[in-house]
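Examining the three-dimensional arrangement
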Amino acid sequence: MRDAKDHSAIITRPLAQALPLAQRLESLGLPAVIFPLLEITPLGDTCTLQATLQNITDFALVMFVSPNAIDAALPFVHGWPKNVSIAVVGEGSRLRLAHHGLTHANTRIFCPAPGERMDSESLMRNLDISSLQDKRVLIVRGETGRNFLTDMLRHAGVNVHQLPAYRRQSPAMTADRQHRLQQLAQGSHDWLITSSEALRILKQQAGALPDGSSLAHLLRQRLLVSHPRIGEVAEELGFQQIELTDSGDDALIAALQGG
């Protein structure tokens, strides 16, 4: 990746999701720097996770909130049952399902329709809610996160069970990370933000830098955000250049090329 002094696209996703996008940007001649704002780690105890997934046929539908949820859960499922549907929010999750051998050709998969924003609201519009009433739905997710899907399904009369599959946490502020963040904050970059939680971590860590001016510089840099909700959080946190893009990597790339 390029030096932090260059005008670069700062990819803030967890490392596993950041690497493919960084490679794609570099192949297009767009400088990219990976600076994860969230780390994905395994659960300390996976007994509940394994036991629930071994009885996956107890559920009519399994919803995976992210590619991380898919990667954490599917190693414990040996052969996906034909009578259990899957729901995912975004293109990245659909591709991770395919990586594990699950596609529209062999599994009923619900996801936002082409042309729709890849988010929980769009997914809800594409679910057959009436067929799920009085049935059990499993939501595989991190230990923490937004409860929108759970709340909406329960409101519609669906029996929802949440299953934590991984842990999301703020990266430790080591001396190397502190130095790297200070370099980036003092530059002029495009920050790719796909999580409100990550954005809050960014401001908190920049505000803790010892130089006293990095946060003010950072707040003036350009943010590319993938959802209106993240844009609202960015405004609340004081960021001054916020650009809303469509969801998906293609939209982020188009925004970088156009800006």
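Residues numbered from 1 in each chain as written. Predicted model: local features only at pLDDT ≥ 70, side-chain atom pairs only at ≥ 80, totals over all residues. Heavy atoms only, no water.

1. Quick word on the overall build of the protein chain
Selection rule: A helix here means a DSSP run of H or I that spans at least four residues, while a strand means a run of E at least two residues long, and both kinds are numbered starting from the N terminus. Atoms counted for the radius of gyration: C-alpha only. Globule rule: 2.2 Å times residue count to the power 0.38. For each residue, the accessible area found with a 1.4 Å probe, counting protein chains only, is set against the maximum for its type, and the residue is called buried under 20%, exposed over 50%, and partly exposed in between. Contacts are residue-level and defined by heavy atoms, with any inter-residue pair within 4.5 Å sufficient. Here the Shrake-Rupley method, with its probe set to 1.4 Å, supplies the accessible areas, and only the displayed protein chains count as covering residues. Charge counting treats Lys and Arg as positive and Asp and Glu as negative, with His and both chain ends excluded. Taken as the charge centre is NZ of Lys, CZ of Arg, CG of Asp or CD of Glu, depending on the residue.
The secondary structure content of the protein chain amounts to 12 helices and 11 strands. In terms of overall size, the protein chain behaves like a compact globule, its C-alpha atoms giving a radius of gyration of 19 Å where 259 residues would be expected to give roughly 18 Å. Taken along its principal axes, the extent of the C-alpha atoms in the protein chain is 55 × 40 × 35 Å. For the protein chain, the proportion of its 259 residues judged to be buried stands at 47%. Across the protein chain, the fraction of contacts at a sequence separation of at least 24, relative to all contacts at a separation of at least 6, is 66%. With the model as given, the accessible surface of the protein chain reaches about 12,300 Å², and the carbon-plus-sulfur share is 49%. In the protein chain, 24 positive and 26 negative side-chain charges are present, and the distance between their average locations comes to 2 Å.

2. Topic: the packing of aromatic side chains
Basically, it comes down to this: Each aromatic pair joins two rings of Phe, Tyr and Trp (for Trp, the six-membered one) with centres within 6.5 Å, and gets the label stacked for planes under 30 degrees apart, edge-to-face for over 60, and tilted for any other angle. Charge-over-ring contacts are defined here by two conditions on Lys NZ or Arg CZ: a distance within 6 Å of the ring centre and an angle within 35 degrees of the ring normal.
All told, the structure shown has 2 aromatic pairs when counted by the stated rule. Consider the rings of Phe-35 and Trp-191, whose centres lie 6.4 Å apart with planes at 85°: the pair is edge-to-face. Remark: Trp-191 occurs in strand β9 (residues 190-193) and Phe-35 occurs in the loop between β2 (32-34) and β3 (39-41); sequence separation between them is 156 residues. Relative accessible area serves as the criterion here: at 3%, Phe-35 is assigned to the buried category. Looking at Trp-191, the relative accessible area reads 0%, which means it is buried. Taken together, a centroid distance of 6.1 Å and an interplanar angle of 55° make the contact between Phe-64 and Trp-80 tilted. In this pair, Phe-64 sits in strand β4 (residues 61-64) while Trp-80 sits in the loop between α3 (67-73) and β5 (85-88), placing the two residues 16 residues apart along the sequence. Judged by relative accessible area, which is 2%, Phe-64 ranks as buried. Of note, Arg-177 hangs over the ring of Phe-35, and the distance from its end group to the ring centre comes to 4.0 Å.

3. Comments concerning unusual backbone geometry
Located in the positive-phi region is Asp-134, a residue other than glycine, with phi close to 70°. Secondary-structure assignment places Asp-134 in the loop between α6 (129-132) and β7 (136-142). Relative accessible area serves as the criterion here: at 75%, Asp-134 is assigned to the exposed category.

4. Thoughts on the sheet that holds β4
Where we set the bar: In this description, strands pair whenever DSSP reports at least two bridges between them. Lines fitted to C-alpha atoms define the axes, with helix axes restricted to the stretch in contact, and inter-axis angles between N-to-C directions lie between 0 and 180 degrees.
Within the open sheet, the 6 strands sit side by side as β3-β8-β7-β4-β5-β6. Their pairing is mixed. With one partner strand each, in any of the chains shown, β3 and β6 (109-110) form the two edges of the open sheet. Judged from the 7 bridges that link them, β7 and strand β8 (residues 159-169) form a sheet pairing that is parallel. Counted as the bridge partner of Gly-142 is Tyr-166 from β8. On top of the sheet, helix α4 (residues 91-99) reaches β4, β5 and β6; it is set at about 140° to β5, its chief contact.

5. With respect to the packing of helix α9 (residues 196-207) against helix α11 (residues 228-237)
In plain terms, the rule: In what follows, roughly perpendicular refers to angles from 65 to 115 degrees, roughly parallel to angles under 35, roughly antiparallel to angles over 145, and oblique to any angle outside these ranges. In this scheme the handedness of a crossing depends on how the near helix is turned from the far one: anticlockwise by less than a right angle means left-handed, clockwise means right-handed. Any residue outside Ala, Val, Leu, Ile, Met, Phe, Trp, Tyr, Cys, Pro, Asp, Glu, Lys and Arg is labelled polar, Gly included; the first ten of those are nonpolar and the last four are charged.
Two elements in contact, α9 and α11, have axes whose closest approach is 9 Å; the angle formed by their N-to-C orientations is 20°. Considering their axes alone, α9 and α11 lie roughly parallel with respect to each other. Remark: the crossing between α9 and α11 carries right-handed chirality. On α11, the residues touching Ser-196, Leu-199, Arg-200 and Lys-203 of α9 are Arg-229, Ile-230, Val-233, Ala-234 and Leu-237. Looking at the contact of α9 with α11 residue by residue, the class counts come to 5 nonpolar, 1 polar and 3 charged.

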